[in-house]
Amino acid sequence: MAESSQVPRQAGDSVRDKPWGKTFHSAKCCDAAETVFRVRAPPDYPKNRKKLPSASPLYETVGVDVFKTPGKQCHIAEFVRLPRIPESRRDVVNGVPPYLILNVMLPGYDPPNPLWGATRDNGPGHSMVVYLLLKEETRKMLEDLNTAPNAVKVLRKFILGENERIRLKGMGNLINPDQVEMGFALRKLLTEYNMKPVLTRPQHYFHTDGFSYFEVDVDVHIFPYIAKKGLSMLRHLLPTMIWDVGITIEGWTDDELPEIMASVVHLHQLRLCDAEELDFATLPKVCPCAWTEHDRPAQVLSRSGEARVYEGGCDTPSCPSPLNAPGSLLSLLEKESSDLTEEEADQLAMKLQQQLEADLAAAAGGDADVDATPAPSDGARTPPAQPSKSKEKKKPPKQVKAAVVNDDDDDDDD
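Let me begin by describing the structure that accompanies this report. Bear in mind that the values here come from a model prediction, so they are computed numbers and not experimental data. (Residues numbered from 1 in each chain as written. Predicted model: local features only at pLDDT ≥ 70, side-chain atom pairs only at ≥ 80, totals over all residues. Heavy atoms only, no water.)

1. Some thoughts on the side chain of Ser232
Right, so step 1: Tracing the sequence through the fold places Ser232 in helix 5 (residues 225-234).
Right, so step 2: Among the polar contacts listed, one links the side chain of Ser232 to the backbone oxygen of Lys229, at a separation of 2.7 Å.
Right, so step 3: Those residues in contact with Ser232, other than ones at most four positions away along the chain, are Asp110 and Pro111. (Helix = DSSP H or I, 4+ residues; strand = E, 2+ residues; numbered from the N terminus. Polar contact = N/O pair within 3.5 Å; in protein donor to acceptor, adjacent residues only side chain to side chain. Contact = heavy atoms within 4.5 Å.)

2. Describing the side chain of Lys135
Right, so step 1: Inspection of the secondary structure assignment puts Lys135 in the loop between strand 8 (125-134) and helix 2 (136-143).
Right, so step 2: Separated by 2.9 Å, the side chains of Lys135 and Ser56 make a polar contact.

3. Thoughts on the pairing of strand 7 (residues 99-107)
Right, so step 1: The element strand 7 is largely enclosed, with a buried count of 9 among its 9 residues.
Right, so step 2: Of the two faces of strand 7, both are covered, the one formed by Tyr99, Ile101, Asn103, Met105 and Pro107 as well as the one formed by Leu100, Leu102, Val104 and Leu106.
Right, so step 3: Note that strand 7 and strand 8 share 9 bridges and pair antiparallel. What sits directly across from Met105, in strand 8, is Ser127. (Buried < 20%, exposed > 50% of the residue type's maximum accessible area, 1.4 Å probe, protein only. Pairing = 2+ DSSP bridges.)

4. Concerning the pattern of salt bridges
Right, so step 1: Summed over the entire model, instances satisfying the criterion amount to 10 salt bridges.
Right, so step 2: Close ionic contact of Arg271 with Asp274 constitutes a salt bridge, the shortest N to O distance being 2.7 Å.
Right, so step 3: Salt bridges linked by common partners bring Arg40, Lys169, Glu250 and Glu259 together as one network. (Salt bridge = Lys/Arg side-chain N within 4 Å of Asp/Glu carboxyl O.)

5. Brief notes about helix 3 (residues 150-160)
Right, so step 1: Of the residues making up helix 3, those classed as buried are Ala151, Val152, Val154, Leu155, Phe158 and Ile159. Looking straight down helix 3, one finds that the buried residues subtend no more than 160° of arc, so they occupy a single side. (Arc of directions from axis to C-beta.)

6. Some points on the packing of aromatic side chains
Right, so step 1: Going through the model one piece at a time under the given rule, you end up with 5 aromatic pairs.
Right, so step 2: Centre to centre, the rings of Phe158 and Phe206 are 5.9 Å apart; their planes meet at 75°, and the pair counts as edge-to-face. Of this pair, Phe158 sits in helix 3 while Phe206 sits in strand 11 (residues 204-208), placing them 48 residues apart in sequence. For the pair Phe158 and Phe206, one class covers both residues: buried.
Right, so step 3: Judged by centre distance (5.9 Å) and plane angle (75°), the rings of Phe158 and Phe214 are edge-to-face. With a gap of 56 residues between them, Phe158 in helix 3 and Phe214 in strand 12 (residues 213-219) connect regions that are remote in the sequence. (Phe/Tyr/Trp six-rings, centres within 6.5 Å; stacked < 30°, edge-to-face > 60°.)

7. Concerning the layout of surface pockets
A water-sized probe, rolled over the atoms, reveals where empty space remains.
Right, so step 1: Counted as a void, the largest pocket has a volume near 1,400 Å³.
Right, so step 2: Forming the boundary of the largest pocket are 50 residues, of which Gly172, Val198, Phe223, Leu231 and Leu234 lie nearest the centre.
Right, so step 3: Among the elements of the structure, strand 7, strand 8, strand 9 (168-174), helix 4 (184-193), strand 10 (198-199), helix 5, strand 13 (242-249) and strand 14 (261-268) are those that each provide at least two residues to the lining of the largest pocket.
Right, so step 4: Here the element with the most residues in the lining of the largest pocket is helix 5; it accounts for 7 residues.
Right, so step 5: Across the lining of the largest pocket, the residue classes tally to 34 nonpolar, 10 polar and 6 charged. (1 Å grid on protein atoms, 1.4 Å probe; cavity = no way out; pocket = protein on both sides within 12 Å on 5 of 7 lines; lining within 4 Å. Points joined across faces, edges and corners; volume = space filled by probe spheres on them. Nonpolar A, V, L, I, M, F, W, Y, C, P; charged D, E, K, R; others polar.)

The following block contains the structure:
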């Protein structure tokens with residue numbers, strides 16, 4: 001099992017873009033031209049029920065992960081290093097961060113029949129995580145909301161407004177049904193629901209760090225029994241299946257239509273049984289700014305007070321991470337020497353000594369101890385050897401709370 005000092009995972013390590021028809025367990029981004037998804041269109045959709053092929057998706061897929069977990073795991077973004085992106089695409093645009101992360105928490109057990117009074121809402125399963133990055137053209141649309149397509153405005157509403165978060169819906173298209181051996185009942189079920197939109201409400205949760213990502217966690221463990229039973233029947237067939245899976249934000253009125261797919265990902269013969277098993281309780285959390293500031297964060301102090309590599313934060317002063325909390329290396333360095341208590345002075349001396357030993361080990365090319373770190377990369381700022389004279393106090397990091405939508409409506413779009 002993973003140790004608490006291990007290097008955080010790179011997003012998308014477990015499922016890679018590979019040649020189709022030759023490998024198992026792979027995924028790739030799809031443009032609208034490669035899909036057959038149809039979305040709501042004006043005028044007066046509730047009356048006319050008119051649907052048209054979607055325009056090009058608003059996001060590009062930059063990675064897919066499948067993890068085996070001992071229980072459902074929310075807020076995956078805390079444990080993975082998001083891919084680095086060009087500086088021009090890092091900023092929040094009109095409130096919309098560059099990354100959208102979709103974490104679908106799938107049960108790995110057969111759901112008990114509620115007719116016998118048995119229920120289960122957690123247990124061993126899998127997290128299928130899709131990492132999405134705003135396209136350049138979508139960013140430009142968001143910069144001017146007066147001329148932006150209706151679907152782009154609806155996307156912004158979804159991310160910024162809690163009351164708008166009942167709009168997310170997913171669709172699946174089984175591409176090779178004739179090549180999959182399944183019974184009559186399951187084939188009929190898949191035919192009936194193929195490409196039919198399903199709203200994720202109210203079984204979803206939301207997380208964001210406020211500047212780099214917005215994460216949606218879909219909790220299939222608490223889906224209705226029929227839905228969970230159907231999905232459990234598909235588990236052993238996934239290695240023979242090829243799917244297009246997409247998400248979109250539902251439009252309700254003419255000024256919110258036509259819809260546009262937020263993303264579409266092509267999943268090729270996923271083998272859940274071969275997924276890497278992770279217990280996230282043992283994994284370090286990743287510095288929220290590591291994806292933009294530098295290749296890897298420098299050594300920092302863990303929340304338990306021990307020196308650890310890749311844990312808790314980095315040495316970037318603006319980093320909204322636990323590193324900047326009271327008692328951290330930065331907070332001590334920013335104090336006047338005369339303001340330090342005896343205990344804080346001892347802590348500072350110990351931390352600076354650890355940093356020095358790590359830098360010397362890296363410079364000598366030797367193997368560092370488990371609690372030592374390599375020298376920071378070019379983008380990282382090495383902590384100074386002497387306390388700073390600045391008396392300016394750091395403001396505590398803002399805590400962004402997850403918003404949970406609870407809606408008792410049914411999950412079907414149509």
